[in-house]
Amino acid sequence: MPSLLELVRAHTDLDDDDVAWLHLLMADWQIIADLSFADLVMWLPDREGHGFWACGQMRPTTGPTSLPDDVVGTFLPVGRRRMVDEAYQHGRLVREGDPEWRDDVPVRVEAIPVRRAGRIIAVVARNTNLLGVRTPSRLELSYLQTAAELTQMIAGGWFPPAGQRSDHADSPRVGDGFLRLDADGKVAYASPNALSVYRRLGLHGDLTNLVLADLTRELVPPRRRPDEESLSAVLSGRADRDTEIAAEDVALIVRSIPLRPHGDRIGAVILLRDVTDLRRRDRELVTKDATIREIHHRVKNNLQTVAALLRLQARRIGQPEAKAALEEAVRRVGSIAIVHEILSQAVEETVDFDEIADRLSRLVTDVSAVSGRVRVARDGSFGVLASETATALAMVLTEILQNAVEHGYPGMADLAETDPARTGLIQVSARRIVGRLHLAVQDDGVGLPADFDPDATSSLGLSIVRTLVESELGGMIEMGPASDGTGARVQVDVPLD
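Just so you know, these numbers come straight off a predicted model, no measurement behind them.

### Quick look at the pattern of salt bridges
Okay, so step 1: Taken as a whole, this structure holds 22 salt bridges when the rule is applied.
Okay, so step 2: Ionic pairing is found between D18 and R116, a salt bridge with its closest N-O pair at 2.7 Å. Within this pair, whereas D18 is found in helix α2 (residues 16–36), its partner R116 is found in strand β6 (residues 105–116), the two being separated by 98 residues in sequence.
Okay, so step 3: Judged by relative accessible area, which is 1%, D18 ranks as buried.
Okay, so step 4: The exposure class assigned to R116 is buried, which follows from its relative accessible area of 17%.

Rendered as structure tokens:
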């Protein structure tokens, strides 16, 4: 289905300001569809003058649809719908006396010109399914009266209001709570849902004839209100804005739409939505996120404590093999601690692994015997990974880098005086390809022994790597000589969620 912008560029002469106006109108036309109990279709004039293109469609949530099929992207030639032609040519609302019949359904059609800066830039067709029409209640009469005034505002160029309105993501709809205010800010009509919302705020009695802004000041403590300017502008119906109000146990979003069908304000529509449960869940999520970050922080601290204890133990052991084993354990614990440290600062349970990879590279080379003689360079990006994947991959990368440093450059530390220019480079390459992560670590060292068999090795580090890659991450690992014949190359390929 083509977008508004695609249709405008392909078939019309509308400029960017016209498109912005249409976007503002379509952001609010669910309200008009619900108040009208009717489907809305936006028709754009063809640049050749041959007809109109449907660029948008909205169905009502308050009544049956008259357009079960999507019409966006269809073309309406001149002469097919006389009302659309007349509304565009003469710039006035056009209504038919007799309904159209579509699949045995009577449909009343009206055409509303969309005016901006004195020009007609589009036509909105309003289609009402008359099978859903019954003797109207006071609520429905209020809806229809308001819809008629809003359509007059569209035809006169007074709706939507110019400029960008800062909406809440939870902006209220017509059925959430509906109020009609007069020009003085008094409640002329309140829907049952709107009355229920104010009774949850503490109202006793009816809303009719009360000044809404003054009543809200009485019911809501000053510390829980928005600023006085916003409260007065919205609750008196003077500005097309929304704001959020909260009492001790109730939170609601209030949206104001001034009504000026002939240019001067005659009152306003106020839409209310009770968002108490939404805000409670928001607070729970914030608390949960804070708790999870605190857990990661404490895990990181505990792992660092374990690493410090192992390091102290290593210093007291005289046997070189035992000391080396404890130092390897310190390094492995440290790599996991880095992941938890980054998770403790993140909002979600995902991490940018590039930062972890760079820190692990510095950790491995700085504490090795060849510190300053071997450099690790990263090419490509790991991207964002889930915490479980990041933890396992951090250990895998640590072990591969440690093996490259220890076994790829024997005697490098002894060359500091005889060959100070001799250095080493370990290249870490990361690529994300079609739902998989490909990692390659290649060094320019002495390479693998001629009789090296990765399946028969007794190295604890390589065993850890293979287990994590194949069992934990569900991936594959390959080890062999580098592509240029110098050094070794390890490749890891793992699936991503």
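### Topic: helix α4 (residues 138–156)
Okay, so step 1: Counted at 1.5 Å a residue, the expected span for α4 with its 19 residues is 27 Å, and the 27 Å between its end C-alpha atoms agrees.
Okay, so step 2: Those residues of α4 that fall on the buried side of the exposure criterion are E140, S142, Y143, T146, A147, E149, L150, T151, M153, I154 and A155.
Okay, so step 3: Just past α4, the residue G157 takes up positive phi, approximately 85 degrees.

### Observations regarding the pairing of strand β12 (residues 267–274)
Okay, so step 1: Buried residues dominate β12, accounting for six of its eight residues.
Okay, so step 2: Judged from the five bridges that link them, strand β8 (residues 178–182) and β12 form a sheet pairing that is antiparallel. Each bridged residue has a counterpart across the sheet, and for D182 the counterpart in β12 is G267.
Okay, so step 3: With eight bridges joining them, strand β11 (residues 251–259) and β12 adopt antiparallel strand pairing. Within β12, the residue paired with L252 across the bridge is D274.

### Considering a negative patch on the surface
Okay, so step 1: On the surface, E349, E388, E472 and D497 cluster together into a patch of negative charge.
Okay, so step 2: Tracing the backbone shows E388 in helix α11 (residues 387–408).

### What to know about the packing of helix α1 (residues 4–11) against α2
Okay, so step 1: Where α1 contacts α2, the two axes come as close as 11 Å, and the packing angle between them is 145 degrees. Our pair here, α1 against α2, has a crossing hand that is right-handed. Of the residues in α2, those in contact with L4, L5 and V8 of α1 are V19, L22, H23 and M26.
Okay, so step 2: Tallied by class, the residues present in the contact of α1 with α2 amount to six nonpolar, one polar and no charged.

### As for helix α12 (residues 460–472)
Okay, so step 1: Along α12, the residues classified as buried are G461, L462, I464, V465, L468 and V469. Down the axis, α12 shows its buried residues gathered within 160 degrees of arc, on one side only. The exposed residues of α12 that point more than 90 degrees off its buried face are L460 and S471.

Conventions adopted
Residues numbered from 1 in each chain as written. Predicted model: local features only at pLDDT ≥ 70, side-chain atom pairs only at ≥ 80, totals over all residues. Heavy atoms only, no water. Salt bridge = Lys/Arg side-chain N within 4 Å of Asp/Glu carboxyl O. Helix = DSSP H or I, 4+ residues; strand = E, 2+ residues; numbered from the N terminus. Buried < 20%, exposed > 50% of the residue type's maximum accessible area, 1.4 Å probe, protein only. Expected span 1.5 Å × (residues − 1). Pairing = 2+ DSSP bridges. Patch = residues over 30% accessible without salt bridge, like charges linked within 9 Å, V, L, I, M, F, W, Y side chains within 5 Å. Areas by Shrake-Rupley, 256 points an atom, 1.4 Å probe, with all protein chains shown as cover. Lys, Arg positive; Asp, Glu negative; His and termini not counted. Charge placed at Lys NZ, Arg CZ, Asp CG, Glu CD. Axes fitted to C-alpha atoms, helices over the stretch in contact; angles between N-to-C directions. Left-handed = near helix turned anticlockwise from the far one by under 90°. Contact = heavy atoms within 4.5 Å. Nonpolar A, V, L, I, M, F, W, Y, C, P; charged D, E, K, R; others polar. Arc of directions from axis to C-beta.

None of this, on its own, says anything about what the molecule does.
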